[in-house]
Amino acid sequence: MAEQIFPTKGNLIKSRRQLKQAQLGYELMDRKRNILVREMVSLTDEAKRLLADIEKTYSAAYDALEYANISLGVVSDLARAIPVEQSLNIATRSVMGVELPRLEADIKPADRPVYALGSTNSAFDHAYICFNRAKEITVRLAEVENGIYRLAVAIKKTQKRANALKNIMIPRFREQVHFITNALEEKEREEFSRQKVIKRRKTNL
């Protein structure tokens, strides 16, 4: 590649500028990758905690539902009175240009029961609270796992670009600078020798 560059001072300045930009680009890509990796590690730790919690929460919820079924009979008709969850809102937050989801849902138990109190008991109330808790954790886990996936994709792309700069572009520009610098120095030496020869000849005349 370097042999195709004509050795002029203009090309030397251009190659040095390109080398500097490539080095700066690599530093920025490496910094971005490190920040994304830290964010991903943080989310991964949270995902592990949520996965442990969600298993316990769903287990407790189904145990509460089973107890409610035993105490009230099958509660499927009562459960139908509870509205379908439609409060989920999706926003985003940016981490080094990577858009991560932010899920918000108003799924806390209502101030007023949404089912008939006369037809239920404390077991049904407990099951209702447990499943609301399960929904909260599910929403948070979905947010975290989606964020981890997006970060993994972004880290892979960033690493690929950083590797291209480090292993291809920077060595190429360094080679160009080295080639042009050597060619210009050789040209200056030849010019210096030529001037000495001319001066010697003039002196001998």
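Everything below is about the structure printed above this text.
This report concerns the structure included in the present document. (Residues numbered from 1 in each chain as written. Predicted model: local features only at pLDDT ≥ 70, side-chain atom pairs only at ≥ 80, totals over all residues. Heavy atoms only, no water.)

Looking now at the pairing of strand β2 (residues 98-104). Working note: regular strand, side chains alternate between the two faces of the sheet. The pairing of strand β1 (residues 89-95) with β2 spans seven bridges and is antiparallel. Bridge pairing in β2 places Val95 opposite Val98. Between β1 and β2, which pair antiparallel and follow one another directly, the connecting turn spans two residues, one of which, Met96, has a positive phi of 55°. (Pairing = 2+ DSSP bridges. Helix = DSSP H or I, 4+ residues; strand = E, 2+ residues; numbered from the N terminus.)

Taken as a whole and judged by the stated rule, the model has two aromatic pairs. Plain terms: the ring middles of Tyr58 and Tyr62 are 6.3 Å apart, the flat faces sit at 25° to each other, and that makes the pair stacked. Here Tyr58 and its partner Tyr62 are both found in helix α1 (residues 9-72), four residues apart, which amounts to about one turn of the helix. Judged by relative accessible area, which is 49%, Tyr62 ranks as partly exposed. Considering the side-chain rings of Tyr62 and Phe131, the 5.3 Å spacing of their centres and the 85° angle between planes classify their relative orientation as edge-to-face. With Tyr62 in helix α1 and Phe131 in helix α3 (residues 122-204), this pair connects stretches of sequence that are 69 residues apart. (Phe/Tyr/Trp six-rings, centres within 6.5 Å; stacked < 30°, edge-to-face > 60°. Buried < 20%, exposed > 50% of the residue type's maximum accessible area, 1.4 Å probe, protein only.)

To continue, consider the nonpolar core. With 15 residues, the main nonpolar core has Leu36, Val98, Val144 and Leu151 as its most contacted residues. Those elements that provide at least two residues to this core are α1, β2 and α3. It is α3 that provides the largest number of residues to this core, a total of seven residues. Those residues in contact with Leu151, other than ones at most four positions away along the chain, are Leu36, Glu39, Met40, Leu43, Val98 and Leu100. Leu12, Leu19, Met29 and Leu165 belong to the second largest nonpolar core, which has 11 residues in total. (Core = buried A, V, L, I, M, F, W, Y, C linked by side-chain atoms within 4.5 Å. Contact = heavy atoms within 4.5 Å.)

The next subject is the pattern of salt bridges. Opposite charge on two side chains allows them to pair when their charged atoms are near. Enumeration according to the criterion identifies eight salt bridges in this entry. The closest approach of N and O atoms between Glu39 and Arg93, which form a salt bridge, is 2.8 Å. Here the residue Glu39 occupies a position in helix α1, and Arg93 occupies one in strand β1, the gap between them amounting to 54 residues. Of the residues examined, Arg93 reaches a relative accessible area of 25% and is grouped as partly exposed. A salt bridge links Arg140 to Glu143, with the nearest nitrogen and oxygen atoms 2.3 Å apart. Here the residue Arg140 and the residue Glu143 both occupy positions in helix α3, the gap between them amounting to three residues, near one helical turn. Assessed through its relative accessible area of 10%, Glu143 is described here as buried. Each of Glu46, Arg49, Asp53, Arg140 and Glu143 takes part in a single network of salt bridges with overlapping partners. (Salt bridge = Lys/Arg side-chain N within 4 Å of Asp/Glu carboxyl O.)

What follows deals with α1. In this model α1 runs 90 Å from its N-terminal to its C-terminal C-alpha over 64 residues, within 8% of the 94 Å that 1.5 Å per residue would give. Phi for Gly73, located one or two positions after α1, is positive at around 90°. (Expected span 1.5 Å × (residues − 1).)

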